[in-house]
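What follows is each chain in one-letter form.
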Amino acid sequence: MSHEIDLSKFTVRCDLISEAIDEKENFLNIEKVQYNDINIERIRIGKKEAKLIDKKKGLYTTIYFNDATDSNNRKNLIKAMTIELKKIIKEKNLLGKSSLVVGLGNRLSTPDSLGPKVIDDIVVTRHLFKLNSIDVDDSYSEVSTFIPGVYATTGVESFDSIEAIKNVVKPDFLIVIDALASSSIEKINKTIQITDSGIEPGSGVGNFRKEISEETLGIPVIAIGSPTVVDAATIVNDTLSFLVKKLSFNIMNIDNPKSKLINPYVFDYSNINYKLDETERKMYLGLLGELKEEEIKDLFAEVLTPLGYNLMVTPKEVDFLTDKISFVIAKSINNVLHNINE
């Protein structure tokens, strides 16, 4: 069975670099480290690699964590992110220099409120540096903030307002925070990405706006984002993948009497390594079993998008999760920009 899909019409949404690459490809420079239970993945994309995976060149650092709502996990996450953010800013020789921190998004839409919420907790100092009567401690750098709002409510492109503010404030570099879209339900509210390649606001949900980057603004741009939404096609595809894992677990334990004592509603089978062979895939999945995983995902997008049913979905507790993750990002930024040691 063959199935050709026009990907230009039905784009699978993803903002994370980890979802745009195949880890098996050995041409990428991937470095993996771990802080406690937090996994870090650093990927450096050059001009050649950028063309192959259709991403901008630069350093992409992805932080994977399980739970930002637990206080101990959150402390570890802040430490890990502080280290990674400082590494990027130091590499670009920007430590101690003036910065403009921009929070993209819509405060009235919870899944899109990450940027504005981060700005609420940023320690602003530019006004102190402009007052000659005040001596600012050397550990603090000059920091200003800005929330441009969204095009639909302001009528002004985020890029245009940011450029105008930049020309007045004249910072040495920008830090831009935005909510992202993921192509995996496992990464929602469990991932933070930091990159020096800039950002295209709204690209994850198909609302492409003008790029905010060093190339367009003339100063270094550090982009920080965390995925808060996923589309319906991805949810259906991931559900099918988990179904395969569940079937694999059942096959592996069909003769194991202990398996009958396991509560199927609480047992985590997500790490099962057994894979269905071609015959088993066809038997359990029918015609879908003949398609590759990416073909299945694209097929679901092709089915749902024309009907307007490829909805963007977010967890029911997204307001609580966004509050915690925005605090982590803001705290880490403050730690780096103001050289705070904890």
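See the structure shown above.
Residues numbered from 1 in each chain as written. Predicted model: local features only at pLDDT ≥ 70, side-chain atom pairs only at ≥ 80, totals over all residues. Heavy atoms only, no water.

Colleague: Quick one: what's the story with a nonpolar patch on the surface, residue by residue and with numbers?
Modeller: A grouping of V123, F129 and Y140 is seen on the molecular surface, where their side chains present a nonpolar patch of about 230 Å² in accessible area. Looking at the secondary structure, you find Y140 in the loop between α4 (126-129) and β5 (143-146). (Patch = residues over 30% accessible without salt bridge, like charges linked within 9 Å, V, L, I, M, F, W, Y side chains within 5 Å. Areas by Shrake-Rupley, 256 points an atom, 1.4 Å probe, with all protein chains shown as cover. Salt bridge = Lys/Arg side-chain N within 4 Å of Asp/Glu carboxyl O. Helix = DSSP H or I, 4+ residues; strand = E, 2+ residues; numbered from the N terminus.)

Colleague: So, the pattern of salt bridges: which residues are in play, and what are the values?
Modeller: Tallying each qualifying case throughout the model produces 11 salt bridges. With its nearest N and O atoms 3.2 Å apart, the salt bridge here joins K56 to E211. Separated by 155 residues along the polypeptide, K56 in the loop between α1 (47-53) and β3 (58-64) and E211 in the loop between β7 (191-195) and α7 (214-217) bring together distant segments of the chain. We classify E211 as buried; its relative accessible area is 18%. In this structure, the salt-bridge partner of D120 is R107, at a minimum N-O distance of 2.9 Å. (Buried < 20%, exposed > 50% of the residue type's maximum accessible area, 1.4 Å probe, protein only.)

Colleague: So what's going on with the environment of T62? Which residues, and what values?
Modeller: Structurally, T62 can be placed in strand β3. In sequence terms T62 and T195 are 133 residues apart; their C-alpha atoms lie 8.6 Å from each other. Sequence-distant contacts of T62, defined by excluding residues within four places in its chain, comprise I17, N39, I40, E41, T191, I192 and Q193. (Contact = heavy atoms within 4.5 Å.)

Colleague: Outline the nonpolar core, listing residues and values.
Modeller: Within the largest apolar cluster, 35 residues are counted, with the highest numbers of intra-cluster contacts made by I175, I224, I329 and I333. Of all the elements in the fold, those that place two or more residues in this core are β2 (38-45), β3, α2 (71-91), α3 (114-120), β6 (173-182), β7, β8 (221-231) and α11 (318-337). Those residues in contact with I224 that lie beyond four places of it in its chain are M81, L85, I175, V176, I177, D178, I192, Q193, I194, I329 and I333. Counting residues in hydrophobic clusters, the runner-up holds 16 residues, among them L100, V102, F146 and F159. (Core = buried A, V, L, I, M, F, W, Y, C linked by side-chain atoms within 4.5 Å.)

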